[in-house]
Amino acid sequence: MSYWNTYKSVVLATLFFSLLLTSCSAPLPPPKETVAFEGGIMGTTYHITVVAAMNDDVSTAMAEAIEGALKHVDGKMSTYKDDSELSVLNRMAGGAYIPVSGEVFSMLQLALEVNRETEGAFDITVGPLVNRWGFGPDDKQEPPSDEELASLKALCGPEAITLDALTQSIQKVSDGVYCDLSGIAKGYAVDLVASVLEAKGFMNYMVEVGGEVRTAGLNSVGIPWKIAIEKPVDEGRVLQEVVGLSDISLATSGNYRNFYEVDGKRYSHTISPATGKPVDHNLASVSVLHPRCALADAYATALMVLGPEKGMAVAERLALPVMFVTHSDKGTFETRQSESFRAYIVD
Ligand code: FAD
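Draft legend 1. Summary view of the overall build of the protein. In terms of regular secondary structure, the protein is built from 9 helices and 15 strands. Considered along the principal axes of its C-alpha atoms, the protein spans approximately 65 × 50 × 40 Å. In the protein, buried positions account for 55% of the 347 residues. Considering only contacts within the protein whose residues lie at least 6 apart along the sequence, 66% involve residues at least 24 apart. Carbon and sulfur atoms form 55% of the exposed surface of the protein, whose accessible area is close to 14600 Å². Side-chain charges of the protein comprise 27 positive and 44 negative groups, with the mean position of each set lying 2 Å from the other.

Below, the structure written as structure tokens:
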């Protein structure tokens, strides 16, 4: 008997954050004024806090600029909007070179770079597999047949696309090639909002979109932003760790929010390009720190694909500050943090 227990909640998928202002050390100065912006986008939510005093005109203008930046990325890189630049590209025939915008081209280039750095683990051409396993815009949540899997896998792999920097265009090797930027574009959206804030002179802020976070400067009481990372439990919110961040981004990927079960087997949204199937190792979540949120986002997905051993080896080779949380065989969680990640942990 198969049953579907689908947690397709795309809200803060892997990270709940609270701006933990308390600190148990010396008394803190009175908090400076902050302005908060929040809303919904990309099937999830965003929360932004800026340390600044803004009058109504400025805060309204900033709210519009932030929303405009997020909708801009949505309009370019969503696979959930039929009319996004990426969806139009995905429907086009293979063979000819197709010109794309500078932003989409740079995301495609960055994605191929991360693919090379992570031994093929991060692979945006897995889109047909993501969709067929039910983690894309359509909700068909049932495992594909072996034949289906083989035919979809044949459409994937970095050799399925070729980029031409001179004409800023992409060639798809065949019609069915379909790029999915969901593992990097939310991080890119966070970076874009950060650049909008800095262009207006705001240098102390925390930007969070669907669990991907970027911080700059200090929070309202003059200490690094305190960001909580949750334990990868299937339901509810349990604190795993708190990190103090300043001028760095944090992304967490996991297989405990976006999954379904069939006959007692769990299928999550992280697809192994090697097998064409959702990963099935015991890694529950990976948190990565990097100055660029787009890269933190992509590396977190890639390390989630690679699993606990290979993932940690690649993280060390790339000198990434990481935290891995794995399911132990005793039904508990085990945590492994790189030395460089531990330096960010605060109480
Ligand atoms: P991450 O680990 O960051 O990303 C996992 C996602 O990456 C998977 O969901 C899959 O899409 C992709 N992926 C899986 N395996 C690989 C791999 N090996 N290599 C590369 N990528 C892989 N969701 C909605 O429900 N409604 C929306 O309207 C919607 N709009 C979106 C618009 C944009 C611009 C983006 C970027 C995403 C949107 N999403 C939407 C998707 C939703 O936000 C995703 O679930 C989310 O981006 C996945 O992020 P994560 O942090 O949960 O997981």
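Draft legend 2. Here's a closer look at the layout of surface pockets. A volume near 180 Å³ is recorded for the second largest pocket. Lining the second largest pocket are Asn-255, Lys-265, Arg-266, Ser-268, Val-279, Asp-280, His-281, Asn-282 and His-327. If one sorts the elements of the lining of the second largest pocket by residue count, strand S12 (residues 265-268) sits on top with 3 residues. Of the residues belonging to the lining of the second largest pocket, the class tally is 1 nonpolar, 5 polar and 3 charged.

Draft legend 3. Summary view of the environment of Leu-289. Summarising the element assignment, Leu-289 is placed in strand S13 (residues 283-290). Separated by 76 residues in sequence, Leu-289 and Val-213 place their C-alpha atoms 9.5 Å apart. Residues in contact with Leu-289, not counting those within four places in the same chain, are Leu-245, Ile-248, Ser-249, Leu-250, Leu-320, Pro-321, Phe-341 and Tyr-344.

Draft legend 4. Focus on the nonpolar core. Grouped together as the largest cluster of nonpolar side chains are 73 residues, with contacts concentrated most on Ile-48, Val-50, Leu-181, Leu-197 and Leu-303. Per element, the largest residue contribution to this core is 12 residues, and it comes from helix H7 (residues 293-306). Ignoring any residue separated from it by four or fewer positions in sequence, one finds Leu-181 in contact with Met-77, Leu-86, Met-107, Leu-108 and Ile-124. Core analysis: the next-biggest nonpolar cluster, separate from the first, contains 14 residues, Trp-225, Ile-229, Leu-245 and Leu-250 among them.

Draft legend 5. Layout of the site of the ligand. The ligand sits among 28 residues. The nearest are Asp-123, Asp-180, Ser-253, Ile-271 and Thr-301. One of the backbone N or O atoms of Ile-271 is found 2.8 Å from a nitrogen atom in the ligand. Isolated, the ligand exposes 960 Å² of accessible area, and the fraction of that covered by the protein chains is 93%. The set of elements that each furnish at least two residues to the shell around the ligand consists of helix H1 (56-77), helix H6 (185-199) and H7. Ranked by the residues each element gives to the shell around the ligand, the list is headed by H7, at 3 residues. The residue inventory of the shell around the ligand, partitioned by class, reads 13 nonpolar, 9 polar and 6 charged.

Draft legend 6. View of the packing of aromatic side chains. For the structure on display, the rule yields 3 aromatic pairs. When the centroid spacing of 5.4 Å and the interplanar angle of 25° are considered together, the rings of Phe-135 and Tyr-260 count as stacked. Remark: Tyr-260 occurs in strand S11 (residues 259-262) and Phe-135 occurs in the loop between helix H4 (127-132) and helix H5 (146-153); sequence separation between them is 125 residues. Among the aromatic residues, those joined into a ring-pair cluster are Trp-133, Phe-135, Tyr-260 and Tyr-267.

Draft legend 7. Structural context of the pattern of salt bridges. All told, the structure shown has 16 salt bridges when counted by the stated rule. The residue Glu-309 makes a salt bridge to Arg-336 at a minimum N-O spacing of 3.6 Å. Taken as a pair, Glu-309 in helix H8 (residues 308-317) and Arg-336 in strand S15 (residues 333-337) lie far apart in primary sequence, 27 residues in all. On the accessibility criterion, Arg-336 (39% relative accessible area) is partly exposed. Each of Glu-119, Lys-310 and Arg-317 takes part in one network of salt bridges that share partners.

Draft legend 8. Inspection of the pairing of strand S8 (residues 225-230) at higher detail. Most of S8 is tucked away, with 6 of its 6 residues classed as buried. Side-chain alternation along S8 places Trp-225, Ile-227 and Ile-229 on one buried face and Lys-226, Ala-228 and Glu-230 on a second face that is also buried. With 6 bridges joining them, S8 and strand S9 (residues 239-245) adopt antiparallel strand pairing. Note that in S9 the partner of Lys-226 across the bridge is Gly-244.

Draft legend 9. Structural view of the sheet that holds strand S10 (residues 249-254). Overall, antiparallel pairing links the 8 strands, which are arranged S1-S2-S6-S7-S10-S13-S14-S15 in an open sheet. Looking at which strands have only one partner, the edges of the open sheet turn out to be strand S1 (34-41) and S15. Averaged over neighbouring strand pairs, the angle between their axes works out to 10° when direction is ignored. Where S1 meets strand S2 (residues 44-51), 8 bridges bridge the pair, whose relative direction is antiparallel. Directly across from Gly-40, in S2, lies its bridge partner Thr-45. Strands in contact with H7 are strand S7 (212-216), S10, S13 and strand S14 (322-327); relative to S13, the strand with the most contacts, it is inclined by about 155°.

Conventions we followed
Residues numbered from 1 in each chain as written. Predicted model: local features only at pLDDT ≥ 70, side-chain atom pairs only at ≥ 80, totals over all residues. Heavy atoms only, no water. Helix = DSSP H or I, 4+ residues; strand = E, 2+ residues; numbered from the N terminus. Buried < 20%, exposed > 50% of the residue type's maximum accessible area, 1.4 Å probe, protein only. Contact = heavy atoms within 4.5 Å. Areas by Shrake-Rupley, 256 points an atom, 1.4 Å probe, with all protein chains shown as cover. Lys, Arg positive; Asp, Glu negative; His and termini not counted. Charge placed at Lys NZ, Arg CZ, Asp CG, Glu CD. 1 Å grid on protein atoms, 1.4 Å probe; cavity = no way out; pocket = protein on both sides within 12 Å on 5 of 7 lines; lining within 4 Å. Points joined across faces, edges and corners; volume = space filled by probe spheres on them. Nonpolar A, V, L, I, M, F, W, Y, C, P; charged D, E, K, R; others polar. Core = buried A, V, L, I, M, F, W, Y, C linked by side-chain atoms within 4.5 Å. Near = heavy atom within 4 Å. Polar contact = N/O pair within 3.5 Å; in protein donor to acceptor, adjacent residues only side chain to side chain. Phe/Tyr/Trp six-rings, centres within 6.5 Å; stacked < 30°, edge-to-face > 60°. Salt bridge = Lys/Arg side-chain N within 4 Å of Asp/Glu carboxyl O. Pairing = 2+ DSSP bridges. Axes fitted to C-alpha atoms, helices over the stretch in contact; angles between N-to-C directions.

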